[in-house]
Amino acid sequence: MIVIPIKEGENIERALKKFKRKFEKTGAMRELRSRQAFTKPSVVRREQVKKAIYIEQLQRESE
């Protein structure tokens, strides 16, 4: 459960923004979307390898 301490007189918009930021960091929506449809383990591994290759290429270009 996400708990957002609100100080006295704090704007509700700011508290809502804090909540949204914390909720996004937990990855709950990403988890729900990924669980909507089953992806085979081989497909998951293939995507991880592609992502790793892409990140490695970016790092090589920046050097």
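Rules used in this analysis
Residues numbered from 1 in each chain as written. Predicted model: local features only at pLDDT ≥ 70, side-chain atom pairs only at ≥ 80, totals over all residues. Heavy atoms only, no water. Helix = DSSP H or I, 4+ residues; strand = E, 2+ residues; numbered from the N terminus. Rg over C-alpha atoms; globule rule 2.2 N^0.38 Å. Buried < 20%, exposed > 50% of the residue type's maximum accessible area, 1.4 Å probe, protein only. Areas by Shrake-Rupley, 256 points an atom, 1.4 Å probe, with all protein chains shown as cover. Lys, Arg positive; Asp, Glu negative; His and termini not counted. Charge placed at Lys NZ, Arg CZ, Asp CG, Glu CD. Patch = residues over 30% accessible without salt bridge, like charges linked within 9 Å, V, L, I, M, F, W, Y side chains within 5 Å. Salt bridge = Lys/Arg side-chain N within 4 Å of Asp/Glu carboxyl O. Expected span 1.5 Å × (residues − 1). Polar contact = N/O pair within 3.5 Å; in protein donor to acceptor, adjacent residues only side chain to side chain. pLDDT = per-residue confidence, 0-100.

**Here's the deal with the overall build of the protein chain**
Secondary structure assignment for the protein chain yields 3 helices and 0 strands. Scaling as 2.2 N^0.38, a compact globule of 63 residues should have a C-alpha radius of gyration of about 11 Å, whereas the protein chain reaches 19 Å, well beyond that. When the 63 residues of the protein chain are sorted by exposure, 6% land in the buried category. When the accessible surface of the protein chain is summed, it comes to about 6500 Å², and 55% of that surface belongs to carbon and sulfur atoms. Looking at charge distribution, the protein chain has the averaged site of its 17 positive side-chain charges lying 4 Å from that of its 9 negative ones.

**Here's the deal with a nonpolar patch on the surface**
Among the surface-exposed residues, Tyr54, Ile55 and Leu58 lie close enough to one another that they form a single nonpolar patch of about 290 Å² accessible area. A relative accessible area of 38% places Ile55 in the partly exposed class.

**Structural notes on the pattern of salt bridges**
When their charged atoms lie close together, side chains carrying opposite charge are able to pair. Throughout the structure, instances matching the rule amount to 3 salt bridges. A salt bridge links Lys18 to Glu10, with the shortest nitrogen-to-oxygen separation between them at 3.2 Å. Lys18 sits in the partly exposed class, given a relative accessible area of 30%. Close ionic contact of Glu56 with Arg60 constitutes a salt bridge, the shortest N to O distance being 2.8 Å. Placement of both Glu56 and Arg60 in helix 3 (residues 41-62) is noted, with a separation of 4 residues, approximately one turn of the helix. Classification of Glu56 as partly exposed rests on a relative accessible area of 41%.

**Thoughts on helix 1 (residues 12-26)**
The end-to-end C-alpha distance of helix 1 is 21 Å, a good match for the 21 Å that 15 residues give at a rise of 1.5 Å each. Regarding helix 1, its N-cap is Asn11, as a side-chain oxygen of that residue lies 3.2 Å from the backbone nitrogen of Glu13 further along. Positive backbone phi, at 80°, marks Gly27, one or two positions downstream of helix 1.

**Remarks on the confidence of the model for the protein chain**
Confidence in the prediction of the protein chain, expressed as mean pLDDT, is 93, and 100% of residues score 70 or more. The secondary-structure element of the protein chain with the lowest mean pLDDT is helix 2 (residues 28-35), recorded at 92, while helix 3 shows the highest, at 96.

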